[in-house]
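Next come the chains, spelled out residue by residue.
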Amino acid sequence: MEPTLPKSGSLSAMNPPYLTNPFAEAYVTHTVSDENFVRFFSPVLVKSASAILQAGNVVIKGTQGSGKSMLLRLLDPEIRVAYFNVNQQQQSPDTRYPVPRNLRKFISARVDLNKSGLLDIASTLPAKPAHEDIADLTKSFADFFNYWLLRGLLVCIEKIGESPAIFDDLVLLEHRDVFASSLSAQDCWFGALSSVTDWGSLQQAVKDRVTAYRAWANGNRELPATIRQSRTMIGEPLSRASEQLKATGVIAADTHVFATIDQIEALWMQDENRRELGERLRRELHEVLGKRDDRVSYRIGARRYAWSKGGSLAMRDGRQLEEGRDFQTVDIDALLRRGENAKGWAFRCLARDVFKRRVLTTFPNSASEQMDLAKAERFFGPSPSSQEVIAAAIKQPDFDRLIKLDSDWPKPWRTAIKNVFRKNLKDIPQPPPEHYPYDPLNALLLAAWGQQTGGKGKAAERMRRHVCADHPPQSVAEAPWNKAKLYWRKERYPQAVLQLISRHQQRMLWWGIDKVLSLCGSNILRFITICRVTWDYWQRLSDDSPTDHAATSIVSSDIQSRAIFEASRKVHEALTRQPGQPAGDVRSWFLNEIASWLRSRLLDDKAMSNPGHNGFSLRVSELNKHPELQQLIEEAVGWGDLYETDHTSKIKTEKSSDPRKKYYINPALSPFYDLPEAHTKEPVYAKLEDILKLAINAKAIPGSAPPPEPEPKKPNENPDQLWLFPN
Amino acid sequence: MNARDPILKLVTDWQAENPDRDVSARLGHIRENLLFLERIKFNQYVPTRYSAKFSVRFHRWLSNTRISSAQQRDLFEFADRIAFFSSDDFIAMFQNAFSGPISRWCMKLVGIQLNQSDWLSRLNEERFRYTWFCPVTDSMPISDFHHVNGIAGKNYRPVFRDLMRFAKRTDPSDENKIHRYAQKEGYKRVVLLEDFVATSVQTFKTVEWAVETLKLPVLFCPMIIAPEGANKYRELENSLAQTPNQGAGTPMFEFAPVFELGNDCFVYSADATPDTLFARIRALAEQIHGRNTNVQQQSKEGPLGYWNEDSRQKGATVVMFSNTPNNSLPLLHRETDQWSPLFLRVDRCPL
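Note that the coordinates shown come from a computational prediction; the quantities given were computed from them, not determined experimentally.

Visitor: Outline the side chain of Glu77 of chain B, listing residues and values.
Guide: Residues and elements named next belong to chain B. Looking at where Glu77 falls in the secondary structure, it is placed in helix α4 (residues 69–79). At 2.6 Å, the side chain of Glu77 and the side chain of Arg26 are in polar contact. In this structure Glu77 touches Arg26, Leu27, Ile30 and Leu277, once residues within four positions along its chain are discounted.

Visitor: Describe the interface of chain A and chain B, and please don't skip the residues or the numbers.
Guide: Between chain A and chain B, the contact holds 24 residues from the first and 22 residues from the second. Between chain A and chain B the total buried area reaches about 2100 Å² when both faces are included, carbon and sulfur atoms providing 46% of it. On the surface where chain A and chain B come into contact, there are four salt bridges. Taken together, the links from chain A to chain B amount to 14 residue pairs in polar contact (both at pLDDT 80 or more). Within the residue set of the side of chain A that touches chain B, elements represented by two or more residues are α21 (524–541), α22 (557–576), α23 (584–604) and α26 (670–673) of chain A. For the side of chain A that touches chain B, the element with the most residues is α22 of chain A, which contributes eight residues. For the side of chain A that touches chain B, the residue count by class is eight nonpolar, six polar and ten charged.

Visitor: Which residues make up the sheet that holds strand β5 (residues 328–331) of chain A, and what values do they have?
Guide: Residues and elements named next belong to chain A. Spatial ordering of the open sheet is given by β2-β3-β4-β1-β5, a layout of five strands whose pairing is parallel. The open sheet has two edge strands with one neighbour each: β2 (106–112) and β5. Ignoring which end each strand starts from, the neighbouring axes of this sheet average 20° apart. In this sheet, β5 lies alongside strand β1 (residues 58–61) in parallel orientation, the contact comprising four bridges. Bridge assignment links Ile60 to a residue of β5, and that residue is Val330.

Visitor: An account of the layout of surface pockets is needed here, citing residue identities and associated values.
Guide: All names here are of chain A. When its volume is computed, the largest pocket comes out at roughly 1900 Å³. Of all the secondary structure elements, the ones that give two or more residues to the lining of the largest pocket are α14 (386–393), α19 (486–503), α20 (513–520), β7 (642–647) and β8 (660–665). For the lining of the largest pocket, the element with the highest residue contribution is α19, accounting for six residues.

Visitor: Residues and numbers for the packing of aromatic side chains, please.
Guide: Residue and element names in this part refer to chain A. The tally for this structure, following the rule as stated, stands at 58 aromatic pairs over all chains. In this structure an aromatic cluster arises from ring pairing among Phe23, Trp345, Phe347, Phe355, Phe363, Phe379, Phe380, Phe527, Trp535 and Trp538. The ring of Trp148 carries the charged tip of Arg151 above its face, separated from the ring centre by 4.8 Å. The side chain of Arg358 reaches across the aromatic face of Phe40, ending 4.5 Å from its centre.

Visitor: Tell me what's going on with the state of the cysteines, and back it up with residues and numbers.
Guide: Inspection of the entire model under this criterion finds zero disulfides over all chains. Cysteine Cys531 of chain A remains unbridged, with the sulfur of Cys520 of chain A as its closest cysteine sulfur at 7.1 Å. The cysteine Cys134 of chain B is free of any disulfide, with Cys221 of chain B supplying the nearest cysteine sulfur at 13 Å.

Visitor: Let's hear about helix α1 (residues 6–17) of chain B: which residues, and what values?
Guide: Think of an α-helix as 3.6 residues a turn; residues three or four steps apart then line up on the same face. Between the first and last C-alpha of α1 of chain B there are 17 Å, a value that for twelve residues agrees with the 16 Å anticipated at 1.5 Å per step. Within α1 of chain B, burial applies to Ile7, Leu8, Leu10, Val11, Thr12, Trp14 and Gln15 of chain B. Among the structural elements, α21 and α22 of chain A together with α2 (21–40), α3 (54–62) and α4 of chain B are those in contact with the buried residues of α1 of chain B.

Visitor: Which residues make up helix α5 (residues 87–110) of chain B, and what values do they have?
Guide: Residues and elements named next belong to chain B. The end-to-end C-alpha distance of α5, which contains 24 residues, comes to 33 Å, matching closely the 34 Å that a straight helix rising 1.5 Å per residue would cover. Of all the bends found along α5, the most pronounced is centred on Ala97 and spans about 35°, while Pro101, a proline, follows it within four residues. Those residues of α5 that sit buried are Phe90, Met93, Phe94, Ala97, Phe98, Gly100, Pro101, Ile102, Ser103, Trp105, Cys106 and Met107. Of the residues flanking the end of α5, it is Gly111, one or two places downstream, whose phi is positive at about 85°.

Visitor: So what's going on with the sheet that holds strand β9 (residues 684–685) of chain A? Residues and values would help.
Guide: Residue and element names in this part refer to chain A. Pairing within the open sheet is mixed, and its four strands lie in the order β7-β8-β6-β9. Each edge of the open sheet carries a strand with a single partner, namely β7 and β9. In this sheet, β9 lies alongside strand β6 (residues 615–619) in parallel orientation, the contact comprising two bridges. Bridge pairing links Phe616 to Val684 in β9.

Visitor: Explain unusual backbone geometry to me, and be specific about the residues and the numbers.
Guide: Residues and elements named next belong to chain A. Here the residue pair Ala479 and Pro480 is connected by a cis peptide bond, since its omega of 10° sits within 30 degrees of zero. At Asp168, a residue that is not glycine, the phi angle is positive and equals roughly 55°. For Asp168, the location among the structural elements is in the loop between α5 (131–162) and α6 (176–184).

Thresholds, definitions, all that
Residues numbered from 1 in each chain as written. Chains lettered and ligands numbered in written order. Predicted model: local features only at pLDDT ≥ 70, side-chain atom pairs only at ≥ 80, totals over all residues. Heavy atoms only, no water. Helix = DSSP H or I, 4+ residues; strand = E, 2+ residues; numbered from the N terminus. Polar contact = N/O pair within 3.5 Å; in protein donor to acceptor, adjacent residues only side chain to side chain. Contact = heavy atoms within 4.5 Å. Buried area = accessible area lost by both parts, 1.4 Å probe. Salt bridge = Lys/Arg side-chain N within 4 Å of Asp/Glu carboxyl O. Nonpolar A, V, L, I, M, F, W, Y, C, P; charged D, E, K, R; others polar. Pairing = 2+ DSSP bridges. Axes fitted to C-alpha atoms, helices over the stretch in contact; angles between N-to-C directions. 1 Å grid on protein atoms, 1.4 Å probe; cavity = no way out; pocket = protein on both sides within 12 Å on 5 of 7 lines; lining within 4 Å. Points joined across faces, edges and corners; volume = space filled by probe spheres on them. Phe/Tyr/Trp six-rings, centres within 6.5 Å; stacked < 30°, edge-to-face > 60°. Lys NZ or Arg CZ within 6 Å of the ring centre and 35° of its normal. Disulfide = S-S within 2.5 Å. Expected span 1.5 Å × (residues − 1). Buried < 20%, exposed > 50% of the residue type's maximum accessible area, 1.4 Å probe, protein only. Bend = angle between axes of the 7 residues up to and from the residue.

This is how it looks when you write it as C-alpha cells:
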C-alpha cells in the first residue's frame, strides 16, 4: 500500500502527483487479505440477506460481481478473527463484525467448485464415457465432497477453538477427542475411519482421503480400492458430524452448522461428453437439499440461471426441489435493484459505503481533507440535466443540422420551433443554461409534439399522420409546455438528447453520481470498475494546478465522461471473454445487433412516440417455442449482458396468463452502445421473429432469417372508401 | 486541460468525436497495446535508452508541427503497426536459426538422417565443432548468437564486411589467410549471419566475396530480410548452383532466412492491395520529406527510406531494439529541425 498522506499536507500538495488507485483491486473476494476484507466489505446487504445466517438451506443468486461470494465469505472464521483484530486497532463501527450478535452461533465449511479442484476428478473419465463410468464417478464426487467439507469443518473448529474470546466460547476443544472417536464409529463411513482414535488421527485420515482423491484426479495414481469400497453417501457424513459435535459437547445444541457451496455454475459443463456428468452431479447436490436435514444448513452460491437452468431442480429419483420448502432464495440483484421509490435504494447506500471504505483504506487521512475525497457524491458531483448535457456536447448548435425540419412542415410550426430554438419563448420549462445561446432540446421536443399531435385539435384531427396547418403552441401555458405534459416531456428528454447528439456526430456524455449509479445496474463490480477508471483518468488527465474546492465535483465532467466511456468499453471487452453456452464473444455479437436495432428505432422515431424503446419485451410462451433463442437469451441474462424483469403488458387484449418479460441491455454498456440507460415508458413489444432475425444475423444461432411479414391487406371492395391507415 | 497523460487526452478526444463505437473501441485498444509494448519492448530501444522514454517521444511525434489532427490520428494508429523486434525477439530468432535452417543445412551437407541412431551426436559435432559462425556486418550481435546457442570455443568470429574491406586494400594474399585459418581450425563450412537485410546493398558483395575466398560451403542466414534482398540471394543461390565446384553435388552457397518480411511491413507494396492507413502515411511521408530539403540534398534517402527506384516494397515499418534501419520510413527515425522522430536512428555513415 502507498504511504498515507503527509499529516500537514493536502492531497494537492502530495508528491508525486500520481496517487494509488483505491479501486485497482476489483475482485476482493479471492485476492485480498482478511484484514483488507474487513476494511473493504460493506455490510449494507447483511440485514437483507440475513437468511444466510439462520438455519435452513439458502440459494444466493446474483450476476457476476453482485457480491454473493463476499457475503458468503462472512461465514469464514478467519474473517471473524480479522474483524476482531482490526477493530481492536481502529475501534470504529466500520470495522465491527457485521453479523448481528444473536446470529453468530454457527460454524461453517466452504467449497468453491471452481477453485477447489473438486471437479478435477472429471478428468479421470474416458474420452467417451459410458453411463456406468459416469455413475461411478458421481459416487466418487459425493465422497470427495463429503470429506472436503468435513476437512473444512475440522479446520474451522480448530480455528475457533484457538480464539475462544473472539467466538464467545462457541467451541469446546477439550471434547474433540471424544467427538473424533464417536464420529469414526458411525456406520456412514463404511469402516474408512476405523483407525481413528482421536482428533489428530481424524484430521489425518480426512486429509489423506482428500489427498488420495487429488492424486487420482491429477493422474498421479489410481484411486485405492479401500476408498472405492468405502465411498459415502452425499451429505450424510456431514450431518453425522454435526450431530456428534453437539452430542459430545464440542458445540452447543443451538449452534448451527453451515456448509457453503459456491460457484455452482461450474456444474454446467460445456464439453458435450461431460454434460451428463454435470447433470448427475447437480442431482447429487439437489439431493442434499431435498433431504431437509436440519443438522446441516447449506448455502449455495449461484449465478443467475445457473440455478434451476432449464427449469430443472431434479433430485436422483426425478423429484423436483421446491422453493420455500427445501430451500429459500436470496436474490442479490433483486435486493439491489432500484424500485419505484429511489430513496430506499439499497445499491446507492452500498456504493457510497464501498467508495468510502476503499478511499479511506488507501488514504486514511483523506477524511479530514477539505475536498472530502471519500464521498462518492463529492468525487462525481451531481448529474447533469438533459440541457446541461446538450450544452456540454454541442458547442455550436446549428438549427438545420440539429432539428432537421423537412419541407412538409407548415410555416407557423417552422416559425414556432425556430423561436423556441432561439430562446424566444419565455419561461419555458427546463430552459438551457444561461450562457448557452440556443435551445435545441425544447425545439426538438416541440417538433416531436407537432408530429405526434398534428397540432391542436380534437382527437379525430390528431389521427392525421402529418402536421396540419393548425397553430402551434404560443405560450408555455399550452401543451407541451404546461404542467399536464410534465411527464410527457420528462419521458422524452433522454431520447431527444440522443437524437441531437447523434445528429451532431458526437458521443453521449455521462457524468455525476446518479448517472454513475444508474449505469452500474446495481452491480457493485461495475461501480468499482467505473471508479477505478475514473480515478485513473483523473490522475492522468489532470495537471498540477491546485484543486478547486468550490467545484461541484472533484473530477471534472469532461474527465468523467471520458472515463465512463472507457469503463463501458472495458465491460464490453470483459463480456466477450466470458464463457457460457454460447460463449461471451458470440453473445456480444447478438448484443451488438440488439443495441444497433434499438438505437436505430430511437433515432428514427422523430415523433418520439416510443421513448422507452431502449429495451424489448417478449412473451414467455413464444420464447419457449424456440429453445436456441431461449438458451441464448437466458445465457445473456445469466452472465449479466441483458437485464430481465417481468413485464405487465399494457396491451388490453393480452392475457395475464401469457406473461411477458422485458429485456434491457446491461446499463454499463449504455455508453459503449450510445443508448440511454433509463427505462422510461414501454419497451418494444417485440415479436419472436424480430429478435430471432437479430440473433441469426449475429450468427449467434444457426439458421436463416425468417421472411419479412407480409403487408396488411387493404380491403378493396369500395375504391372510394379511404383506408384508415394511409401509407 | 494540460494533462499528465497527453496521449490519453488525445485518444479520449477522438473517441468523443467519433460516434462509431467500433472505431472508438479500436482507439482504446491501440492505446492499451502501445502501453503494453512500451513496457515490454519499446523502452529497450538502444539509441534512446538513456534519454526520453517512449511515451514522451510518442507525444512529441504526434505533436510535430504542421500536421493536421487527422494526420495525428493516422500516426497514432500507425504506431500500432510498427514491426518492432526486441532483444528477446532476436534471441528467439538466433535459436530458431541454429536449430532450424542451420541444422537442416548441416544434415544435408553431411547426409545425416533422422532414422540413424547417432544422428544427434553427429549433428552436434558438425554444427558445434565444424561450423564457423561469423557476422556479415558489425550490427549483428554475434556473441549473443553464440551464447544463446551454447556454442563455445570459437575464438575468432570476424566481421566479413570489414575483412573484405581491409583484405582487398592491403594484400590480396590476405584473402588466403582467411581460407588457411578456416582450414587450420578444421572448419568444414561457414554460416554468415546478419540481423537485417533490405535491398542487400550492404551485404551482397561481402557474401559473394566470402564464397570466393573461403572455398567452403557458405550458408547466408539473415534474421530479418525484405523480399527484395531475399530475391537477390535466391538468384545468387541459383546461379552458383549451376557453377561447377570442387565437391561433386556440394553446393557452395545456400540462402535460408529466419524471417522474411511480408507486404504488411511496408507502407508501399506493389504486390498488395493498398492499405488505406498506409496510403495516408505515405502521403504524410511525402509531405514531410518535401519540407526537409536539407536531407534531400545530402542523401539518397527518399520519403520512404533507402530503396531503389524499382523496389517493389518501400517504406519499411521495421524498428529493431538496436537501431532503426534506413530502409524504414524516415518519419519514424529521421530527426531534423522540423521533425521529431519516434525511434531516432543513429547513422553509420554521414548523410
